[in-house]
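Residue-level structural notes
So you can see what is in the structure, the chains are spelled out below.
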Amino acid sequence: MRRISVVATIRDAYIFTLTQLGSVIGLIWVSMVMITVARFFTFYRFYNEFGDFMASGNAARMGPILLMMVAYLVAALLLYAVMLVGVVQLASGTRAAPSFVHFAFGALEWRLFRAFFAFFGLMMLAGMSVLLAVDAILALVPGAKSNMGTLGNVMALAMICASFVLSARFLLLLPAIAVHETGPALRRAWALSAGNFWPLVGVLLGLFLPLLAVFVLIDVGIGERGMASVGATAELQAIAAVKHMRETLPLTCGLSFFFSPLVVGLFAGASISVWRALRDEPVLDIAV
């Protein structure tokens, strides 16, 4: 069984990203502008409609915006496939330094989009399974409805664990497999990642936990989340939280755009590094 080195994988990803940052920006900025603009208008409308829904209780208002959110998700997956194919090719040495503007959608981008779409389908299936388990607990365990706070925490923990498992076993390998192989991407990712779950979790944490910490610190610096008074009902607290997210949406969209070259570069660099290690190929310097 082949094993990956967590430290070596993280090092390769950061070296590639920092040494090729200008090339990564050239490959992704057009797609990131599209995603950022679509995200701002989609989430701004979502926050408005959700606030109205919480105030009025009219669930029919949420139908159109939920469809809009689905459309945004599909578009985002397409655009991330466009970005990652180019950056993965750059990390593997099959693409020269890119031009200032890049946007292409061909067979490889379509293949990676299908892999991402299938992965998020698995994520939704896992989420539905957790919800069904919670419903079963509510129906079978006496007094469970009186302790919804604890049950909600357990459900959130189960969601996080399922996301970690699926991300470690599938997500990190999908870009490299989709670009450089031809078989079913999800099945191949599951086979390659066998026996490396904890190292892959370590790679994901080492890559993105520092960036998440920066986002959290910035969010704390923006101001307090809750603007409802102490002792307010759950509905008022939710409305206050949505209002806060709507007011800070321009800043969060801007920060996502600013950090996107790091996120995409680290993701693509780590994907190539892990793929090469698990295929037992000679290690190449992806920073060249």
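Below: a short report on this structure. (Residues numbered from 1 in each chain as written. Predicted model: local features only at pLDDT ≥ 70, side-chain atom pairs only at ≥ 80, totals over all residues. Heavy atoms only, no water.)

**A few points about the overall build of the protein chain**
Convention followed: Here a helix means four or more residues in a row that DSSP labels H or I, a strand means two or more in a row labelled E, and each is numbered from the N terminus. Burial status follows relative accessibility: with a 1.4 Å probe on protein chains alone, a residue under 20% of its type maximum counts as buried, one over 50% as exposed, and anything between as partly exposed. Note on areas: Shrake-Rupley, 1.4 Å probe, and residue coverage restricted to the protein chains presented here.
Summing up its helical and strand segments, the protein chain has ten helices and zero strands in all. Counting from the amino terminus, the protein chain carries its helices and strands in the arrangement α-α-α-α-α-α-α-α-α-α. Within the protein chain, buried positions represent 39% of all 288 residues. Element-wise, carbon and sulfur atoms account for 71% of the exposed surface of the protein chain, whose accessible area totals about 15200 Å².

**Regarding the packing of helix 1 (residues 6–19) against helix 10 (residues 249–278)**
Inclusion rule: Lines fitted to the C-alpha atoms define the axes, with helices restricted to the stretch that makes contact. Angles between their N-to-C directions range from 0 to 180 degrees. Roughly parallel means an angle under 35 degrees; roughly antiparallel means over 145; roughly perpendicular covers 65 to 115; every other angle is labelled oblique. Helix crossings get a hand from a simple test, with the near helix turned counterclockwise from the far one by less than a right angle marking a left-handed crossing and a clockwise turn marking a right-handed one. Contacts are assigned to residue pairs that have any heavy atoms within 4.5 Å of one another. Classes in brief: Ala, Val, Leu, Ile, Met, Phe, Trp, Tyr, Cys and Pro nonpolar; Asp, Glu, Lys and Arg charged; the others, Gly included, polar.
Look at helix 1 against helix 10: their axes get within 8 Å of each other, and the N-to-C directions meet at 135°. With respect to their mutual orientation, helix 1 and helix 10 come out oblique. As for the relative orientation of helix 1 and helix 10, their crossing is right-handed in sense. For the pair helix 1 and helix 10, the contacting residues are Thr9, Asp12, Ala13, Tyr14, Phe16 and Thr17 in the first and Pro261, Leu262, Gly265, Leu266, Gly269, Ala270, Ser273 and Val274 in the second. Of the residues belonging to the contact of helix 1 with helix 10, the class tally is eight nonpolar, five polar and one charged.

**Section: the side chain of Thr17**
Going by this rule: Any pair of N or O atoms that falls within 3.5 Å is considered a polar contact. Within protein, one atom must be able to donate a hydrogen and the other to accept it, and sequence-neighbouring residues count only if both atoms are side-chain atoms.
Secondary-structure assignment places Thr17 in helix 1. Side-chain polar atoms of Thr17 contact the backbone oxygen of Ala13, separated by 2.8 Å.

**A short note on the layout of surface pockets**
Here is the rule we go by: Points on a 1 Å grid over protein atoms alone make up a cavity when a 1.4 Å probe fits among them but cannot get out, and a pocket when they form an open set with protein on both sides within 12 Å along at least five of seven lines; lining residues each have an atom within 4 Å of a point. Grid points are joined across faces, edges and corners, and a volume is the space filled by probe spheres set on the points.
Of the pockets and cavities examined, the largest pocket occupies roughly 1700 Å³. Secondary-structure elements contributing two or more residues to the lining of the largest pocket are helix 2 (21–56), helix 3 (62–92), helix 4 (107–140), helix 5 (148–171), helix 8 (197–222), helix 9 (234–247) and helix 10. In terms of residue count, the dominant contributor to the lining of the largest pocket is helix 8 (twelve residues). Each residue belonging to the lining of the largest pocket can be placed in one class, and the counts come to 35 nonpolar, eight polar and three charged.

**Brief notes about helix 1**
The condition is simple: How far a helix is expected to stretch is found by multiplying one less than its residue total by 1.5 Å. Think of it as the arc spanned by the lines of direction from the helix axis to the C-beta atoms.
The terminal C-alpha atoms of helix 1 lie 20 Å apart, and with 14 residues this matches the ideal 20 Å at 1.5 Å per residue to within 8%. For helix 1, the set of buried residues is Thr9, Ile10, Asp12, Ala13, Phe16 and Thr17. For helix 1, the arc enclosing every buried residue in end-on projection is 160°, short of the 170-degree limit, so these residues lie on one face. With respect to the buried face of helix 1, the exposed residues turned more than 90 degrees away are Val7 and Leu18. Here helix 1 starts with a cap whose side-chain oxygen sits 3.2 Å from the backbone nitrogen of Ala8, and that cap is Ser5.

Spatial relationships are all this shows, so hold off on functional conclusions.
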